[in-house]
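Observations on the model geometry
Next come the chains, spelled out residue by residue.
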Amino acid sequence: MSAKWVGRAILAALALLFALRIVQLKGKGLLHVATPRGSQAPSVAGPLLDGGRFALAGERGHAVALVFWAPWCGPCRAELPGVERVWRKLAAAPGTSPRARIVAVDTEGDPATAREAQAKLGLTMPIVLDDGSAAAAYQVTMIPQTVIVDAGGKVAALIRGEASEDELMRAIERVEKP
Amino acid sequence: MTFDERIGGVLIAPRRTFARLAAGEARASDVAWLLVFRLVAGELDRFARALAVLREFGAGAAAQEVLMVSSAVLPDIVGILAAGVMLQLFCKAKHAFDVAAYAWIPYLTVQVVAALAFTATRHAPTPREQSIVQLAGVAWALVAWTLALVEARKAEPAAEAQS
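A brief look at the structure comes next. (Residues numbered from 1 in each chain as written. Chains lettered and ligands numbered in written order. Predicted model: local features only at pLDDT ≥ 70, side-chain atom pairs only at ≥ 80, totals over all residues.)

What about the overall build of chain A?
Heads up, the rule is: Secondary structure elements follow DSSP: runs of H or I of four or more residues count as helices, runs of E of two or more count as strands, with numbering from the N terminus. Neighbour counting defines burial: a residue surrounded by 20 or more other C-beta atoms within 10 Å of its own C-beta is buried, one with 12 or fewer is exposed, and intermediate counts give partly exposed, using backbone-placed C-beta atoms. Any residue pair is listed as a contact if its two C-beta atoms, each placed from the backbone, are within 7 Å.
Scanning chain A for helices and strands turns up five helices and seven strands. Listing the helices and strands of chain A from first to last along the sequence gives α-β-β-β-α-β-α-β-α-β-β-α. Taken across its 178 residues, chain A has 39% of its residues classed as buried. In chain A, of all internal contacts separated by at least 6 residues, the share reaching a separation of at least 24 is 66%.

Dropping the structure here:
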C-alpha cells in the first residue's frame, strides 16, 4: 500500500467520523435546543434534600433560576457559594412572596454526596435531587448550567458554564423586568 | 511529496518520510490542517450544541461551550509543541520543529480509528478503554518522534555542508 493511499484513508476516516457524528446528532435531536427562549419550561419536580418536594409548576408568579450541578463537578462547587449569596439577597421577608427563587438541581440525585457538598459549601438554598428527568428535559450536556424561568413559567435565559454572582443577579433582574 | 503522501508516509514508511521531511519537505500547515479536521470531526456534537445555543440564547451562552470545545485539542497542541522543542534541543537542523510535529500523526490515527469504531458501534468507551487508546497513540507517537530525531540528526551535517 502506498503512502498516498494511507494518507487518503486517514482523511477519509476523518470525513466518515464527521458524517457518523452528524447522523447520531440528528437522532439525538441535539441540533436544536429543546427549550428555546419563550417556550414552556419543562417540568422539574423532585424531593428536596432538606425534606419536602419541589415542583416548578407551583412557582408561578416569580422568576425561578434552576442551577444544574453535581457534587463531583469542580466548576459547580466554585460557582455555588456565589449562587448562595444571590439566593440570600433575593430571599423574601417572612410572609411576603419572593422576588425570584433559586433552586440547585443536583443532577446526580444522590442525597449522601449532595449533603457532603451542602455542608462543605455552607449552602442553605433549596437543593432538588433530580432522577435524570429534568436534566434530560433541559438537555443539560454540561454543568454548571443555569436556566431562568420567568413568572409565567416560560424559559427566559440560559447561562452555560460557571456564572459569577453579578452575572447571575443581572440575568435574574433582566427576567424580572423584561 | 503531496499532503496525503506526507501523512501516509509517516505511518507506513516513517524513516524514509522523516528523512525527506528533514531535508526540507516538511510543511507546518499540514499538522495545523489535521488539527482543525480532528477538532471538527471529533467534537462535532459540542459544536452543534454551541451553534444551537448561539441561535437561541446569544453569544454569551455559547461562549463557554466554544471554549470547552477548543480546549479539547489543547493536549494535542501541547504535545506537538513539546515534541518540537525537544527535537530542536537535540538537533539543530533547520526544519526540526516542523518535522517533530509529524510525529503527532500516529497519535491522531489511533484516536480517529478508535473514535470511528466507538461511534459506529454506538459504544461509549469505558475509562480503561480510553486509557488503552491514549497509551497506544502516545507509544506510536514516541516511536515516530525517535525516528524523526534520528533522521533530523542525519540531515543536519548535510544541511551544514550545503550552507
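Digging into the overall build of chain B
If you tally the helices and strands in chain B, you get nine helices and zero strands. From first element to last, N terminus to C terminus, chain B shows the α and β order α-α-α-α-α-α-α-α-α. A burial count over chain B gives 39% of its 163 residues as buried. In chain B, once contacts between residues fewer than 6 apart in sequence are set aside, the share between residues at least 24 apart is 71%.

Description of the interface of chain B and chain A
The interface of chain B with chain A comprises 34 residues on the first partner and 31 residues on the second. Mapped onto the side of chain B that touches chain A, the elements with two or more residues apiece are α1 (3-12), α3 (28-42), α4 (44-57), α5 (59-71) and α8 (105-120) of chain B. No other element matches the eight residues that α4(B) contributes to the side of chain B that touches chain A.

A few points about the sheet that holds strand β7 (residues 155-160) of chain A
Residues and elements named next belong to chain A. Cut-off, in case you're wondering: Note: two strands are recorded as paired if DSSP finds a minimum of 2 bridges between them. Convention adopted: a line fitted to C-alpha atoms gives each axis, helices being fitted over their contacting stretch, and angles between N-to-C directions are expressed from 0 to 180 degrees.
Here five strands make up an open sheet; going across it, the order is β5-β4-β3-β6-β7 and the pairing mixed. Both outer strands of the open sheet, β5 (127-129) and β7, are each paired with one neighbouring strand and no more. Within this sheet the neighbouring strands show an average axis-to-axis angle of 25°, counted without direction. In terms of strand pairing, strand β6 (residues 145-149) meets β7 through five bridges, oriented antiparallel. Considered in β7, the bridge of V149 is made with V155. Sheet strands touched by helix α2 (residues 74-90): β3 (63-69) and β4 (100-106). Its angle to β4, the strand with the most contacts, is close to 155°.

Some words on the packing of α1(B) against helix α2 (residues 14-25) of chain B
All names here are of chain B. As a reminder, the rule being used: Here the word oblique covers every angle except those under 35 degrees (roughly parallel), over 145 (roughly antiparallel) and from 65 to 115 (roughly perpendicular). In the scheme used here, Gly and all other residues not listed as nonpolar or charged are polar, with Ala, Val, Leu, Ile, Met, Phe, Trp, Tyr, Cys and Pro taken as nonpolar and Asp, Glu, Lys and Arg as charged.
Two elements in contact, α1 and α2, have axes whose closest approach is 6 Å; the angle formed by their N-to-C orientations is 135°. Here α1 lies oblique to α2, going by the angle between them. Residue-level inspection shows R6, G9 and V10 of α1 in contact with α2, the latter providing P14, R16, T17 and L21. Split into classes, the residues belonging to the contact of α1 with α2 amount to three nonpolar, two polar and two charged.

Some points on the nonpolar core
As a reminder, the rule being used: Note on definitions: a nonpolar core is a set of buried residues drawn from Ala, Val, Leu, Ile, Met, Phe, Trp, Tyr and Cys, linked by C-beta atoms within 7 Å.
Counting 53 residues, the largest nonpolar core has A:A65, A:L66, A:I148 and A:V149 as the members making the most contacts within it. Ranked by residues supplied to this core, first place goes to β3(A) with seven residues. Formed by 40 residues, the second largest nonpolar core is a distinct cluster that contains B:V31, B:A41, B:Y102 and B:V110.

So, the pairing of β3(A)
Residues and elements named next belong to chain A. The buried count for β3 comes to seven of seven residues, which makes it a mostly enclosed element. In β3, alternate side chains face the same way, and those of A63, A65, V67 and W69 on one face and V64, L66 and F68 on the other are all buried. Bridge count between β3 and β4: seven bridges; the pairing is parallel. Bridging from a neighbouring strand, V67 pairs with A104 of β4. Note that β3 and β6 share five bridges and pair antiparallel. Each bridged residue has a counterpart across the sheet, and for V64 the counterpart in β6 is V149.

Describing the packing of α1(B) against α8(B)
Residues and elements named next belong to chain B. At their nearest, the axes of α1 and α8 sit 9 Å apart, and the two run at 90° to each other. Between α1 and α8, the interaxial angle falls into the category roughly perpendicular. Contacts from I7, V10 and L11 in α1 reach I105, P106 and T109 in α8. Across the contact of α1 with α8, the residue classes break down as five nonpolar, one polar and no charged.

Some details on the environment of A:L168
All names here are of chain A. Position of L168 relative to the elements: it lies in helix α5 (residues 165-176). Residue classification places L168 among the buried residues on the basis of 24 C-beta atoms within 10 Å. Along the chain, L168 and T146 lie 22 residues apart, while their C-alpha atoms are 8.6 Å from each other. Sequence-distant contacts of L168, that is, excluding residues within four places in its chain, are made with A65, G82, V83, V86, T146 and A163.

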